[in-house]
Amino acid sequence: MNSQKIERTLVLVKPDGVRRSLVGEVVSRIETKGYVVVGLKMITPTREILEKHYAEHAGKPFYEPLLEFMLSGPIVAMIAEGNRVIEGFRKLAGTTDPTTAEPGTIRGDLARDQGTKVVQNIVHGSDSPESAAREIAIFFPELS
Ligand code: DAT
Ligand code: MG
């Protein structure tokens, strides 16, 4: 548990989070936990970028609604750094479904089911070191 394992993870504040002015709240939770934000930008993603990012979900029933939702406004992309930050940010974010995400988590505190085809849950966080490297290269190509 104490071994050094400095990692980077990709965090996105999705269009619902940006629309609701929750960028600062998300950054604050990451920083208050002790992780360091080492890259941050607001972007309007293209469909091409999102198809790459969400390639694992292609063909699922929520895939098209997910792309449409992610294209519905600007997003904020961040790189957070720290020991075990990939796992740590996923815990901060809470589970995918905001209705049942634990209170105390970003999704549990700040999101709820809106009755839409795709779950709108404020943030994305990479789920493994491989995903993190892949996703950081998509959103921060200038770093690789
Ligand atoms: P996570 O974002 O928790 O890693 P995921 O990668 O499985 O979840 O899915 C990507 C996003 O797609 C997720 O944040 C919300 C949406 N989503 C996932 N499963 C869904 C489902 N069964 N119905 C509607 N939307 C879903
Ligand atoms: Mg995921």
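All of these numbers come straight from a predicted model, not from anything done at the bench. (Residues numbered from 1 in each chain as written. Chains lettered and ligands numbered in written order. Predicted model: local features only at pLDDT ≥ 70, side-chain atom pairs only at ≥ 80, totals over all residues. Heavy atoms only, no water.)

Q: Account for the layout of surface pockets, with residues named and values stated.
A: Taken as a whole, the largest pocket spans an internal volume of roughly 370 Å³. The wall of the largest pocket is formed by 19 residues, among which Lys14, Tyr54, His57, Thr96 and Arg107 lie closest to the centre. Of all the elements, strand β4 (residues 123-125) adds the most residues to the lining of the largest pocket, at 3 residues. Partitioned by chemical class, the residues of the lining of the largest pocket number 6 nonpolar, 6 polar and 7 charged. (1 Å grid on protein atoms, 1.4 Å probe; cavity = no way out; pocket = protein on both sides within 12 Å on 5 of 7 lines; lining within 4 Å. Points joined across faces, edges and corners; volume = space filled by probe spheres on them. Helix = DSSP H or I, 4+ residues; strand = E, 2+ residues; numbered from the N terminus. Nonpolar A, V, L, I, M, F, W, Y, C, P; charged D, E, K, R; others polar.)

Q: A description of the nonpolar core should follow, citing residues and the corresponding values.
A: Residues Val26, Ile30, Met78, Phe89, Ile106, Ile122 and Val123 are the most contacted members of the largest nonpolar core, which totals 22 residues. Looking at this core, the elements that each hand over two or more residues are β1 (6-13), α2 (23-33), β3 (75-83), α5 (85-93) and α6 (106-110). Residue contributions to this core peak at 5 residues, all from α5. For Ile30, the residues in contact, after removing those within four places along its chain, are Val11, Tyr35, Val37, Met78, Ala80, Phe89 and Leu92. Tyr54, Leu66, Ala77 and Ile138 belong to the second-largest nonpolar core, a separate cluster that totals 18 residues. (Core = buried A, V, L, I, M, F, W, Y, C linked by side-chain atoms within 4.5 Å. Buried < 20%, exposed > 50% of the residue type's maximum accessible area, 1.4 Å probe, protein only. Contact = heavy atoms within 4.5 Å.)

Q: Quick one: what's the story with the sheet that holds β4, residue by residue and with numbers?
A: Spatially, β2-β3-β1-β4 is the arrangement adopted by the 4 strands of the open sheet, whose pairing is antiparallel. At either margin of the open sheet sits one strand with a lone partner, and together these are β2 (36-43) and β4. Each strand of the sheet is rotated relative to its neighbour by a mean of 20°, with strand direction disregarded. Pairing between β1 and β4: 3 bridges, direction antiparallel. Within β4, the residue paired with Val13 across the bridge is Val123. Contacting β1, β2, β3 and β4, helix α7 (residues 129-139) crosses the sheet at an angle of about 55° to β1. (Pairing = 2+ DSSP bridges. Axes fitted to C-alpha atoms, helices over the stretch in contact; angles between N-to-C directions.)

Q: Kindly report on α2, identifying the contributing residues and their values.
A: Among the residues of α2, Val26, Val27, Arg29 and Ile30 are the ones counted as buried. Down the axis of α2, the buried set is contained in an arc of 160°. They therefore lie on one face. Contacts made by the buried residues of α2 are with β1, β2, β3, α5, α6 and β4. Immediately downstream of α2, the backbone of Gly34 shows phi near 110°, a positive value. (Arc of directions from axis to C-beta.)

Q: Please provide a residue-by-residue account of the side chain of Thr105, values included.
A: Within the secondary structure, Thr105 sits in the loop between α5 and α6. The buried category is assigned to Thr105, whose relative accessible area is 10%. Engagement of the side chain of Thr105 in a polar contact is seen with the backbone oxygen of Glu102, the distance being 2.6 Å. With residues up to four places along the chain from it excluded, the contact list for Thr105 reads Arg29, Lys91, Leu92, Ala93 and Gly94. (Polar contact = N/O pair within 3.5 Å; in protein donor to acceptor, adjacent residues only side chain to side chain.)

Q: So what's going on with the site of ligand 1? Residues and values would help.
A: Around ligand 1, the neighbouring residues are Lys14, Tyr54, His57, Phe62, Leu66, Arg90, Thr96, Arg107, Lys117, Val118, Val119 and Asn121. Here Val119 contributes a backbone N or O atom positioned 3.1 Å from a nitrogen atom of ligand 1. Note that an oxygen atom of ligand 1 is positioned 2.9 Å from one of the side-chain N or O atoms of Asn121. Contact with the protein chains hides 75% of the accessible area of ligand 1, taken as 510 Å² for the molecule alone. (Near = heavy atom within 4 Å. Areas by Shrake-Rupley, 256 points an atom, 1.4 Å probe, with all protein chains shown as cover.)

Q: So what about the side chain of Thr9? Which residues, and what values?
A: In this fold, Thr9 is placed in strand β1. Residue classification places Thr9 among the buried positions, given a relative accessible area of 0%. When residues no more than four places from it in sequence are discounted, the contact partners of Thr9 are Met78, Ile79, Ala80, Val85, Ile86, Phe89, Ser126, Ala132 and Ile136.

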